[in-house]
Amino acid sequence: MRINRKIKTDVLVVGSGLAGIKVAKELADQHHEVLMATKMKLASGSSFYPLKASLGTQVTKDGSDKPVFMADIETASRGMHRQDLAEVYVEEIAERVQEYGDIGVISKKLEGERKACFAEHPRDIYLLSNWDGIRENVTEIFGGYEKLNVMERTVVISLIQQEERVVGALLLDRDNEVIVVECKAVVLATGGFGSLYKHNLNPNDVDGSGHVLALEAGASLVNMEFIQFIPGITTPRYKTLFGEHTLMYCRDIVKDSGESLLDPVLPEGLSRKECLEIRSGHGPFTDSLESKWVDIAMMKEIIRTRSEQGFELLYDPELYENDEEFYTVYLNWLEQNGIHLVGDEVRIAPFAHASNGGVYIDPDGRSGVPGLYAIGELSCNIEGANRLGGNSTGACMVFGKRAAADCSRYMQEVEPYEIGLETAELQLNRLFNKKGKCTDAEAVHEAVDKVREILWYAGNVVRSEQQLLAAIEEINALENGLDLAHFFKQQATRKLAIKAKNFLKLSQLLLQAMLERKESRGAHYREDHPQEKPEFAKRLFIKETKPGTLSFEFLNQ
Ligand SMILES: Cc1cc2nc3c(=O)[nH]c(=O)nc-3n(C[C@H](O)[C@H](O)[C@H](O)COP(=O)(O)OP(=O)(O)OC[C@H]3O[C@@H](n4cnc5c(N)ncnc54)[C@H](O)[C@@H]3O)c2cc1C
């Protein structure tokens, strides 16, 4: 395949969520030439997803809160957090939230203090909202920099290295043309991988492609088995955000037959009311609390019946008498969306939400591969087996700033590398290292859908060796059947071929990580290993040792 276009820049920033915008602006302020490539439009990803009205950032209150905040992170993480990154966050977040305005992000500090999800102590929360307004602001701010260019609807498909150092990348532009970028450094800010799951609460551009780019360049992925699942509404409006706080007023969750879903699974001594009350205090599923039975019961029944319709919630009408803002704002918003929790048949099921794991980085966002940085949800950051609410947005700001400062220093030390077009073409040819026979484009679409379905069933809240092994086998068979290189050669199906390649690779990796962790901890629950085990109090590191071969190792790092 011929490549006709080459772009030279100092640094390539991949992704235009909160992390990408922060790092790009910081690098532009340091007078570097910045190219931002983003899969959709500027200011996209989970950061600016229209499905939700606002995002919170949790902020250290004052000096005396620092050890308390650290203790909150440690308690929630079940020993899986990064102490060094958490210390940096707790120290720097109060300053970083003051910089939201500089990047066009509209934020306001909430009155009083609140406990974020999984936090044991209340602290300051900043609320971000108005995604269209933010997009306008970012466009205007970026427009003021001569050397900051944005390529929308452009996908980064591979990183180019010279003696391990990242010196460039291959992109597919909006017309699916391949472009070579020559640069001194790449900052990946590609977000999580929620859309790899059939039912998820992420936009479609959050698909884990940055994880594959980093892995293939030699970086490690860690904590990948800790994925947040939160209940989402399936009926009457699919994919509507569910306010778990309303479960305080829920009498029961029932199956199609009208029988209680919870009663048969509750351990002795835990009442349905108690279980639902605890569940009303946190969004994502966790094995760490007794409320786990709500999500486990749902997923067990889904696996048994293969029905994805969800389960009906039976609410006490008193719910609508609570006039606290927390309730009225949500219930009014639901009503504007045509949903009444008491009057309608409202059903929920577990949806994939955010990833706690990702690329292993140091406190300056370095991935261990020279010239390659990873920030935002893509990185394995301060969170561990559970993630405190409101720390992901904050981490984009804290580590976006630090990565920019380090990258700026790095770029002063290295010379640009001239990438020959033949080298780039060779790399393109190596992108697909497995070759099946099927050349029917419909089969690729079907394989992508199938991967998402397999993952939703086998890699959801309830996991077991039997399910995981069967899922890996099914995905292997899908991969071995397709001739993806054939689809990549054709301009029209190029992005589809890349998506299928990434989905197949990442889903196998996730299922294998879930298989390796033979215990239950935080967001990871194994039906066949229901206890948290001290010997697994280590992080699981994943590396690609040679193209297509992965290693999994538990390490105390
Ligand atoms: C419904 C919901 C509610 C949430 N609530 C909160 C909250 O209240 N507080 C909190 O702290 N966190 C919350 N989170 C998590 C938080 O929103 C995300 O972790 C954070 O915004 C991620 O920002 P990011 O910049 O890392 O990635 P994203 O905002 O997801 O951006 C990723 C970017 O990368 C681009 N991209 C991906 N792959 C490629 C590629 N190969 N080439 C080019 N571009 C690419 C995408 O198009 C996108 O622009 C929530 C998430 C969701 C989904």
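A brief look at the structure comes next. (Residues numbered from 1 in each chain as written. Predicted model: local features only at pLDDT ≥ 70, side-chain atom pairs only at ≥ 80, totals over all residues. Heavy atoms only, no water.)

All right, on to the overall build of the protein chain then. Within the protein chain, the regular secondary structure consists of 14 helices and 22 strands. Rg of the C-alpha trace for the protein chain: 23 Å, near the compact-globule value of 24 Å for 557 residues, within the 12% margin. Viewed in the frame of its principal axes, the protein chain has a C-alpha envelope of about 70 × 55 × 45 Å. Residues counted as buried form 61% of the 557 residues belonging to the protein chain. (Helix = DSSP H or I, 4+ residues; strand = E, 2+ residues; numbered from the N terminus. Rg over C-alpha atoms; globule rule 2.2 N^0.38 Å. Buried < 20%, exposed > 50% of the residue type's maximum accessible area, 1.4 Å probe, protein only.)

Bringing the layout of surface pockets into the picture now. Taken as a whole, the second largest pocket spans an internal volume of roughly 990 Å³. Along its surface, the second largest pocket is lined by 38 residues, and E216, K505, E544, P547 and G548 are the ones closest to its centre. Counting residues per element, the ones that place at least two in the lining of the second largest pocket are strand 8 (155–162), helix 5 (209–217), helix 10 (421–430), helix 12 (465–481), helix 14 (494–516) and strand 21 (539–546). Split into classes, the residues belonging to the lining of the second largest pocket amount to 16 nonpolar, 12 polar and 10 charged. (1 Å grid on protein atoms, 1.4 Å probe; cavity = no way out; pocket = protein on both sides within 12 Å on 5 of 7 lines; lining within 4 Å. Points joined across faces, edges and corners; volume = space filled by probe spheres on them. Nonpolar A, V, L, I, M, F, W, Y, C, P; charged D, E, K, R; others polar.)

Attention now moves to the sheet that holds strand 20 (residues 379–380). Within the open sheet, the five strands sit side by side as 20-18-12-21-22. Their pairing is mixed. Two strands close off the open sheet at either side, each with one partner strand: strand 20 and strand 22 (549–555). Of the strands in this sheet, strand 12 (221–222), strand 18 (358–360), strand 21 and strand 22 are in contact with helix 5, which crosses strand 21 at around 65°. (Pairing = 2+ DSSP bridges. Contact = heavy atoms within 4.5 Å. Axes fitted to C-alpha atoms, helices over the stretch in contact; angles between N-to-C directions.)

A few words on helix 3 (residues 83–96). Look at helix 3: 19 Å from first C-alpha to last across 14 residues, which is about the 20 Å you get at 1.5 Å a residue. The largest bend along helix 3 reaches roughly 35° and is located at V90. Buried within helix 3 are the following residues: L85, A86, V88, Y89, V90, E92, I93 and R96. (Expected span 1.5 Å × (residues − 1). Bend = angle between axes of the 7 residues up to and from the residue.)

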